[in-house]
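Given next are the chains, with one letter for each unit.
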Amino acid sequence: MAGSTAGKIVPLLILLVVVAGIGFVLYQVYLSATKIRANAESSFASRNMVFTKDGLKVGVKHVENERYVDATQSWVVKAWNAGSASNANSAKPASATVKRR
């Protein structure tokens with residue numbers, strides 16, 4: 001009878017070792033995923049991006065309204081002047097653009 005008891009316990013011990021091994025591997029995967037998530041969150045946080053359950057939200061850095069309007073108007077004025085200059089050059093007669101000796 002002693003042999004039959006050992007024959008019943010060995011497969012049980014093997015099963016427990018296998019289950020413990022699988023549990024250990026899954027726990028290590030969980031720890032790695034948690035570290036990767038924490039690193040990603042800190043990296044995105046420095047870029048004003050936040051993970052929520054709805055998805056990724058991107059924050060906009062504070063920009064003063066007056067400064068924003070000035071910068072925008074500056075680009076519009078530069079584009080307008082560049083367009084006006086090219087129109088003025090194309091409106092000149094051909095004789096004005098030819099160099100004479």
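The shown structure was predicted, so the numbers you read here are calculated from the model rather than taken from an experiment.

Re the overall build of the protein chain
Part 1: Secondary structure assignment for the protein chain yields three helices and two strands.
Part 2: Secondary structure elements of the protein chain, listed N to C terminal, follow the sequence α-β-β-α-α.
Part 3: For the protein chain, buried positions account for 0% of its 101 residues.
Part 4: Summed over its atoms, the accessible surface of the protein chain is roughly 9400 Å², and 65% of this surface lies on carbon and sulfur atoms.

Thoughts on the pairing of strand β2 (residues 55-58)
Part 1: Bridging between strand β1 (residues 49-52) and β2 involves four bridges; their strand directions are antiparallel. Counterpart to methionine 49 in the pairing with β2 is valine 58.
Part 2: Hairpin geometry of β1 and β2 is characterised by an intervening segment of two residues between the two adjacent antiparallel strands.

Some remarks on the packing of aromatic side chains
Part 1: Across all of its chains, the model carries zero aromatic pairs by this definition.
Part 2: Over the face of the ring belonging to tryptophan 75 we find lysine 78, whose NZ or CZ atom lies 5.5 Å from the ring centre.

Details of the pattern of salt bridges
Part 1: Applying the stated rule across the entire model yields one salt bridge.
Part 2: With a closest N to O distance of 3.1 Å, glutamate 41 and arginine 37 form a salt bridge. Here glutamate 41 and its partner arginine 37 are both found in helix α1 (residues 2-45), four residues apart, which amounts to about one turn of the helix.

What about the confidence of the model for the protein chain?
Part 1: Summing up the model confidence of the protein chain, the mean pLDDT is 80 and the portion of residues at 70 or higher is 78%.
Part 2: Model confidence for the protein chain, summarised as mean pLDDT per element, is weakest for helix α3 (residues 94-97) at 52 and strongest for α1 at 91.

Rules used in this analysis
- Residues numbered from 1 in each chain as written.
- Predicted model: local features only at pLDDT ≥ 70, side-chain atom pairs only at ≥ 80, totals over all residues.
- Heavy atoms only, no water.
- Helix = DSSP H or I, 4+ residues; strand = E, 2+ residues; numbered from the N terminus.
- Buried < 20%, exposed > 50% of the residue type's maximum accessible area, 1.4 Å probe, protein only.
- Areas by Shrake-Rupley, 256 points an atom, 1.4 Å probe, with all protein chains shown as cover.
- Pairing = 2+ DSSP bridges.
- Phe/Tyr/Trp six-rings, centres within 6.5 Å; stacked < 30°, edge-to-face > 60°.
- Lys NZ or Arg CZ within 6 Å of the ring centre and 35° of its normal.
- Salt bridge = Lys/Arg side-chain N within 4 Å of Asp/Glu carboxyl O.
- pLDDT = per-residue confidence, 0-100.

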